[in-house]
Amino acid sequence: DWSSDVCSSDLIANPQGKLEFRDVVFKYPDAPSEAAPLLNGVNLTLNPGESVALIGVTGCGKSTLLRMVAGLEEITSGTVSIDARVVNDLEPAKRDIAMVFQNYALYPHMSVFDNMAYGLKIAKRPLEEIKRRVDKAAEILELSHLLQRKPRELSGGQRQRVAMGRAIVREPQVFLFDEPLSNLDAKLRAQTRLEIQKLHRELGITSLFVTHDQVEAMTLAQRMIVMNGGHMEQFGTPEEVYNRPASTFVASFMGSPPMNLLLNAPNVLPGRVMGIRPEHLDLTPQTGWSLQTETVELLGAERLVHARLGDELITLRLDAAVHAPEPGAAFHATPRADRVHWFDAMTGNRMETV
């Protein structure tokens, strides 16, 4: 199993929630017999208290994987287990999970307190326990002063915090987040990312977070899974995924702008693809690659220079203090030797030696 640091708090004193996928396959029930599964043979372990992000393009299977844990999609074959208990055939309410959706799903006629307490009331928990749990969750999420308000009186970020609070009070073994920030504007997304980070540090509950946003995946996860066509393309820490991409797909998917992937750059052998990130190309007057500037983007503290290297396009990321070449101008740049990546041109897989 992979290892990770585990957090704890007074709400969750002994983190549990080891989440395991074994040979999990998902195929739509009405799909033709010859159709390929959407998910095919997923094997994955999330350690207790670990935060893992699922990221990939639309249709790659990330949300389906999450929904199978929640009991909202039926597993075609294989098993999903929480703390060694197979949950395939359990109703969602009996799986000891809590899910946070992108569309808040708050009851508009209820106060914040009642929205957060609703599940506990349905479960007939004692009133004193309900108040203790709601008050504690509200304190963590800085909602204590809003407990008597209705959802219509809240901002989008506050509504999402109420949705998270409703999940927290259940004290589940596993949190499932399904793109919970996608309805927020850029400023609120950044603020809520920090709040989710803080939430995980304080609670230490195993969390599976689905997103299409690589910044969210990189900042919220201890490890991340890059999905591609129903398969796990790479599973590792954000640093591993960014610094040592397992394939050209991961290299081009992670990073903004993405890694330059070159077939015809100097010293590239047939059957190889050279990868170099835009920030790892340095201007070197009179030496190195000969480039022709096409466009320059000014992004505040940095500039992106889009240039042509022979018949291939290449991007450089330069500090704004560095004088960037003008559009149409010729210039030279050199890749940092210790930052060059090599991939097999046929399979796209990473090559450790050239």
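These numbers come from a predicted model, not from an experiment. (Residues numbered from 1 in each chain as written. Predicted model: local features only at pLDDT ≥ 70, side-chain atom pairs only at ≥ 80, totals over all residues. Heavy atoms only, no water.)

K.L.:
Would you mind showing me how to read the overall build of the protein here?
P.N.:
What the protein contains, in helices and strands, is 8 helices and 19 strands. Each principal axis of the C-alpha atoms in the protein carries an extent, and together these give about 75 × 50 × 35 Å. Evaluated residue by residue, the protein yields a buried proportion of 48% over its 354 residues. For the protein, the share of sequence-separated contacts (at least 6 apart) that also reach a separation of at least 24 residues comes to 64%. Carbon and sulfur atoms form 51% of the exposed surface of the protein, whose accessible area is close to 16900 Å². Between the centroid of the 37 positive side chains of the protein and the centroid of its 44 negative side chains there is a distance of 6 Å. (Helix = DSSP H or I, 4+ residues; strand = E, 2+ residues; numbered from the N terminus. Buried < 20%, exposed > 50% of the residue type's maximum accessible area, 1.4 Å probe, protein only. Contact = heavy atoms within 4.5 Å. Areas by Shrake-Rupley, 256 points an atom, 1.4 Å probe, with all protein chains shown as cover. Lys, Arg positive; Asp, Glu negative; His and termini not counted. Charge placed at Lys NZ, Arg CZ, Asp CG, Glu CD.)

K.L.:
What's the story with empty space enclosed by the protein in this structure? I'm lost.
P.N.:
Empty space left among the atoms is revealed by rolling a probe the size of a water molecule over them. In this structure the tally under the stated criterion is 1 cavity of 30 Å³ or more. A volume near 120 Å³ is recorded for the largest cavity. Lining the largest cavity are 14 residues, with Ser-51, Phe-177, Ile-196, His-200 and Ser-207 positioned closest to its centre. When residues of the lining of the largest cavity are traced back to their parent elements, those giving at least two are β3 (51-55), β7 (174-178), α5 (186-203) and β8 (206-211). With 5 residues, α5 is the single largest residue contributor to the lining of the largest cavity. Here the residues of the lining of the largest cavity are counted per class, giving 10 nonpolar, 4 polar and no charged. (1 Å grid on protein atoms, 1.4 Å probe; cavity = no way out; pocket = protein on both sides within 12 Å on 5 of 7 lines; lining within 4 Å. Points joined across faces, edges and corners; volume = space filled by probe spheres on them. Nonpolar A, V, L, I, M, F, W, Y, C, P; charged D, E, K, R; others polar.)

K.L.:
Looking at this structure, I do not really get the packing of aromatic side chains. What am I missing?
P.N.:
The geometry of two aromatic rings is summed up by the distance between their centres and the angle between their planes. One pass over the structure, following the stated rule, counts 5 aromatic pairs. Among the aromatic residues, those joined into a cluster by ring pairs are Phe-175, Phe-177 and Phe-209. Over the ring of Tyr-242 we find Arg-277; its NZ or CZ atom is 3.9 Å from the centre of that ring. (Phe/Tyr/Trp six-rings, centres within 6.5 Å; stacked < 30°, edge-to-face > 60°. Lys NZ or Arg CZ within 6 Å of the ring centre and 35° of its normal.)

K.L.:
Just checking my understanding: could you explain the sheet that holds strand β19 (residues 350-351) for this structure?
P.N.:
Paired through backbone hydrogen bonds, the strands of a sheet run either parallel or antiparallel to each other. Taken in spatial order, the 4 strands make up an open sheet running β11-β12-β18-β19, and their pairing is antiparallel. In this open sheet, the two strands that pair with only one neighbour each are β11 (260-262) and β19. Bridge count between β11 and strand β12 (residues 272-276): 3 bridges; the pairing is antiparallel. The residue bridging Leu-261 from the neighbouring strand is Gly-275, located in β12. (Pairing = 2+ DSSP bridges.)

K.L.:
Is there a simple way to explain the pairing of strand β6 (residues 97-100) in this structure?
P.N.:
Of the two faces of β6, the one lined by Ile-97 and Met-99 and the one lined by Ala-98 and Val-100 are each fully buried. Pairing of β6 with β7, which is carried by 4 bridges, proceeds in the parallel orientation. What sits directly across from Ile-97, in β7, is Val-174.

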